[in-house]
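# Architecture and fold: a report
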Amino acid sequence: MYSFRKIYARLLLFRAKHKSLHGHPKLALKIARRVCSYTYPGSAFFSCDSAPLDIVTKRREGFERLARLFRQRSPKTIALSAELETSMPDLAFVNAHRVPFQYQQYVQEHLGVGSIVEETDGPRVRDMDGNWFYDLGGSYGVNLFGSDFYKKCIDRGVERARDLGVVLGSYHPVIADNVARLKRISGLDEVSFHMSGTEAVMQAVRLAQYHTNRSHIVRFSGAYHGWWDGVQAGIGNPRPPRGIYTLKEMHPDTLRVLRNRNDIACVLVNPIQALNPNGIPPSDTALVASDRSASFDKPSYTRWLCDLREVCTARSIALIFDEVFLGFRVALGGAQEYFGVRADMVTYGKSLGGGLPVGVVCGKSTLMRRYKNHRPMDICFARGTFNSHPYVMVTMNEFLRYLDEPAVRTGYQQLDTVWNARACVLNERLGRLGIPVRVANLASVWTTLYTQPSRYNWMFQYYLRAEGLNTSWIGTGRFIFSHDLKECDFREITNRFVAAAQAMQADGWWWNDGALTNKAIKRRIMKELFTASVWRHPSDPTTGPSATRSAPYDRSSRHETDPLGSW
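Cut-offs and rules
- Residues numbered from 1 in each chain as written.
- Predicted model: local features only at pLDDT ≥ 70, side-chain atom pairs only at ≥ 80, totals over all residues.
- Heavy atoms only, no water.
- Salt bridge = Lys/Arg side-chain N within 4 Å of Asp/Glu carboxyl O.
- Helix = DSSP H or I, 4+ residues; strand = E, 2+ residues; numbered from the N terminus.
- Buried < 20%, exposed > 50% of the residue type's maximum accessible area, 1.4 Å probe, protein only.
- Phe/Tyr/Trp six-rings, centres within 6.5 Å; stacked < 30°, edge-to-face > 60°.
- Lys NZ or Arg CZ within 6 Å of the ring centre and 35° of its normal.

### With respect to the pattern of salt bridges
- This structure, assessed with the given rule, holds 26 salt bridges.
- The partner of Lys151 in a salt bridge is Asp148, and the shortest N-O contact between them spans 3.9 Å. Taken together, the residues span about one helical turn, with Lys151 and Asp148 both in helix α8 (residues 147–161) at a distance of three residues.
- Across the salt bridge formed by Arg156 and Glu398, the nearest N and O atoms sit 3.8 Å from each other. A residue pair is termed long-range when its members are at least 10 positions apart, and Arg156 in helix α8 and Glu398 in helix α15 (residues 390–402) qualify at 242 residues.
- Residue Arg156 is classed as partly exposed on the basis of its relative accessible area of 47%.
- The class for Glu398 is buried, based on a relative accessible area of 10%.
- Members of the salt-bridge network, linked through shared partners, are Arg15, Lys248, Asp253 and Arg256.

See below:
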């Protein structure tokens, strides 16, 4: 009987995993360690989709025009970025991963961009060379109410905390008001402060495991909860995942697993996944075809969260909303208010710090205590030197007090109407012009979709930059707007967006002969990966990164003079 139950539980678990690699992190990690690098050099870079020679020529000319523009417009910014890249691995990583790996070497050698800005003015940023760009990156979600607002928060916070300075361990009196406001916003009993969103999630998960005396957590395929080992399974984490079930979101198979297992401490929900359930955060690094999908159905996602709430309550599983990114962006009370579902614990971060780094956990008192009176040695330890830093607490207070402003509350009531209408207007305009680009949004968080199969959609980020639109390193996958964006600024952004798309279309990057489908593109890439693995240099270490090599089909000089002959 015991064996049958065990087999049945394993079967339920297998069925609840998403069929993609996102749902199988162990397999994804193994495959990632075996994928060999190859690159498209020379003419192959412009003709990897077998485009005719006239299109290849257009692409090359467009690429060279962009390269000249960037070099001439931002020489100081690009030079300092390149210098820093040799000493800052974070910068080296993001610059290397702006595009799919097959194109990285050629792009880095010929299409340098800067990562340095010196000044902000409303929704714009200025680089070292005096060029102004509209910022579509949103400081990874921090910039909710506009850069001028956060400057004021920090200035006022520094002034209010000046007399205390940096005294750690003891608390600035403003912390009492912060706790009261966060309890009211979250509807939960207790609050703890941390130094980042990742740390907040770490503590929430650890507390859930501590109080339930269970080992495993459930996260959903493609969701991101920070870079901690305990929640990041698969690619990106060199350690094999332990104690993590990565299951399908918005699926009854997952609910069956939750109902039938006794080892699940908590379920982690990142509400931004409502825009692309079971998909990884969209990034141009993985934009190899045009099959990126995103759409937001609020009623369906609300029903899913209600189902989760019901089963978690029945099985005494802690339901944790990870609102580090989305919190305060969709409603005053965050995702709990927006979807009408209460969580047992909520994590916050990003904009809550008023421009300074912070992480917060709010939870029920039964889950938040870090010790047990009847077992004095059984504790759940979590401390940090800079937790509740006085300067962070006062800038946070500036942010929280701002939420009470009548204009802010009115803005939240109109949020969906305003941003859905803006997305609709842009999509209609793109459709009329015959441009194979659309946008999808969850309030002020947007992602770009491509309606025509292409291997070069990742180039769009560079055309946007040429038109004065600054994106984050993930490119067109996610645009994050501040809620203070005026209509005149939005019109200017959409004009530049459309101009960039028209220029990219004119340069031939969206050429399609009808035979180029997303499936055909992926089959071709799989063939290239296999060939690259077969031709791997015998001295390459099997456990380390392979050397950057040209694709095997480019071994003959004939391919340099005849791009069509490559295939």
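So that's the structure; there's more coming.
### Focus on the packing of aromatic side chains
- Enumeration according to the criterion identifies 41 aromatic pairs in this entry.
- Ring centres of Phe45 and Phe46 lie 5.0 Å apart, and the angle between their planes is 75°; on these two criteria the pair is classed as edge-to-face.
- A relative accessible area of 0% means that Phe46 is categorised as buried.
- Arranged with centres 5.5 Å apart and planes meeting at 85°, the rings of Phe145 and Phe149 form a pair that is edge-to-face. Each member of the pair, Phe145 together with Phe149, is buried.
- An aromatic cluster is built from Tyr38, Tyr40, Phe45, Phe46, Phe63, Phe101, Tyr103, Tyr106, Tyr456, Trp458 and Trp509, whose rings are joined through pairwise contacts.
- Its guanidinium or amino end placed over the ring of Trp132, Arg124 lies 4.6 Å from that ring's centre, counting from NZ or CZ.
- One cation-aromatic arrangement involves Lys372 over Tyr210; the distance from NZ or CZ to the ring centre is 4.6 Å.

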